[in-house]
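Survey of secondary and tertiary structure
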Amino acid sequence: MVTLFSRMRRPTVVLDEPGEDKRFRLFGGRRHLVAVPYPLPKDMSEINRLDFQHYLLRTGFGGNFIAPISAPRAILDVGSGSGRWSMEAATLFPAAQVVGVDLVPPAVDDAQVLGHGLDVRPINYSFATGNILEGLPFPDASFDFVHQRLLITAIPMDRWPGVIAELARVTRPGGWVELAECGVPERGGPGLMGLWGSWIEFLQRRGVDFALGHTIGQRLSAGGFANVRQQQLNFPMGDWGGRIGRASATDCLAVGRALRAGVIAAGVLPEPEYDRLFALTEQEFANKRGGGALPFYVACGQRGV
Ligand SMILES: C[S@@+](CC[C@H](N)C(=O)[O-])C[C@H]1O[C@@H](n2cnc3c(N)ncnc32)[C@H](O)[C@@H]1O
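Small disclaimer: the values here were computed from a predicted structure and weren't measured.

The mixed open sheet is built from 7 strands, whose spatial order is E7-E4-E3-E8-E9-E11-E10. Of all strands in the sheet, those bounded by a partner on one side alone are strand E7 (125-129) and strand E10 (226-236). When the angles between neighbouring strand axes are averaged without regard to direction, this sheet yields 15 degrees.

Next comes the structure, spelled out in structure tokens:
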């Protein structure tokens, strides 16, 4: 095991200048990965959004996971994004080796420390490059706990069974897999529902079902996991929901800005209509008597022994 993890600690570099690295292209003013279904940008603004969203989710759920984990030795976070979940897991379980795997490292990951001394990367956390759609770069049964959050936009609907099987493969018998995904807003105004509907349509055209979040528990059961349980939490969206509501509205609008160019380029909505729905959503979020809420689902299951 020691060899496995030390082998994965290779130096990683992400170029800051879009266009210098053929893995990326500049689109809608943001840096995006090419040749993957994942539609969101891969740049510093997105890292900041992912950190913000992480704090929002952790606050809402009162923790980072629901699986009954005790004394894990190896933890994997698939699609680790900013690395925030992985680093917090590493701090919580200092005796565990925690690996974040993603298509590319976050831009800050080539430094040994993040930020200015307060944001130190735990020594038991490491990053590995990998693609869940192509098979993870780990031997069978490597991890006690495998976590995957918010990859719903990255996994074509027909690939989900294979993804669940791959998560099971790298999990030790008796270990746990946990999935977390958002659902579709409920009770939103016409702006929010129209905007979100355009994202569903945009992703549908890329073979991705952006409305399957509520099925993650069923997918674990179908993949052979035991003791599956699923929790749902509804995040208020907008001023009516106090600080959490304002935070989830801020996150939603940031996603709206990030997906704008893709939705328009795909011909789902003309630019003025997208911008009208976006402005209407902002007004709805500012309405203290609004009622929009975003369901969020977390499900865990245990690999059979
Ligand atoms: C919406 S972000 C979520 C990040 C993190 N899981 C979190 O909850 O903060 C999705 C992440 O999945 C990564 N990703 C997309 N497709 C992937 C794939 N095929 N294999 C591994 N990671 C992928 C993206 O690069 C991005 O960092």
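Still more ground to cover, so stick around.
Around the ligand, 16 residues are found, and the nearest of them are Lys42, Gly79, Asp102, Asn131 and Arg149. Within the contact set of the ligand, an oxygen atom lies 3.5 Å away from a backbone nitrogen or oxygen of Gly81. Within the contact set of the ligand, a nitrogen atom lies 2.7 Å away from a side-chain nitrogen or oxygen of Asn131. Surface burial for the ligand is 97%, taken as the share of its 600 Å² of free accessible area covered by protein chains. At a threshold of 2 Å from the grid points, most atoms of the ligand map onto the largest cavity. When the residues that make up the shell around the ligand are grouped by side-chain class, the tally is 8 nonpolar, 5 polar and 3 charged.

All told, the structure shown has 2 cavities of 30 Å³ or more when counted by the stated rule. Space inside the largest cavity adds up to approximately 750 Å³. Surrounding the largest cavity, 49 residues form its lining, Tyr38, Leu50, Gln53, Arg149 and Leu150 being those nearest its centre. Elements with a minimum of two residues in the lining of the largest cavity: helix H2 (44-61), strand E3 (74-78), helix H3 (84-92), strand E4 (97-102), strand E8 (143-149), helix H5 (190-204), helix H7 (242-265) and strand E11 (293-302). Considering every element that reaches the lining of the largest cavity, the biggest residue donor is H2, with 7 residues. Split by residue class, the lining of the largest cavity holds 29 nonpolar, 12 polar and 8 charged. What the second largest cavity holds in volume is close to 90 Å³. Together, 13 residues line the second largest cavity, and Lys42, Asp43, Ile47, Pro106 and Ala107 are the ones closest to its centre. Considering every element that reaches the lining of the second largest cavity, the biggest residue donor is H2, with 4 residues. Partitioning the lining of the second largest cavity into residue classes produces 8 nonpolar, 1 polar and 4 charged.

Quick notes on the rules
Residues numbered from 1 in each chain as written. Predicted model: local features only at pLDDT ≥ 70, side-chain atom pairs only at ≥ 80, totals over all residues. Heavy atoms only, no water. Pairing = 2+ DSSP bridges. Helix = DSSP H or I, 4+ residues; strand = E, 2+ residues; numbered from the N terminus. Axes fitted to C-alpha atoms, helices over the stretch in contact; angles between N-to-C directions. Near = heavy atom within 4 Å. Polar contact = N/O pair within 3.5 Å; in protein donor to acceptor, adjacent residues only side chain to side chain. Areas by Shrake-Rupley, 256 points an atom, 1.4 Å probe, with all protein chains shown as cover. 1 Å grid on protein atoms, 1.4 Å probe; cavity = no way out; pocket = protein on both sides within 12 Å on 5 of 7 lines; lining within 4 Å. Sits in = over half its atoms within 2 Å of the grid points. Nonpolar A, V, L, I, M, F, W, Y, C, P; charged D, E, K, R; others polar. Points joined across faces, edges and corners; volume = space filled by probe spheres on them.

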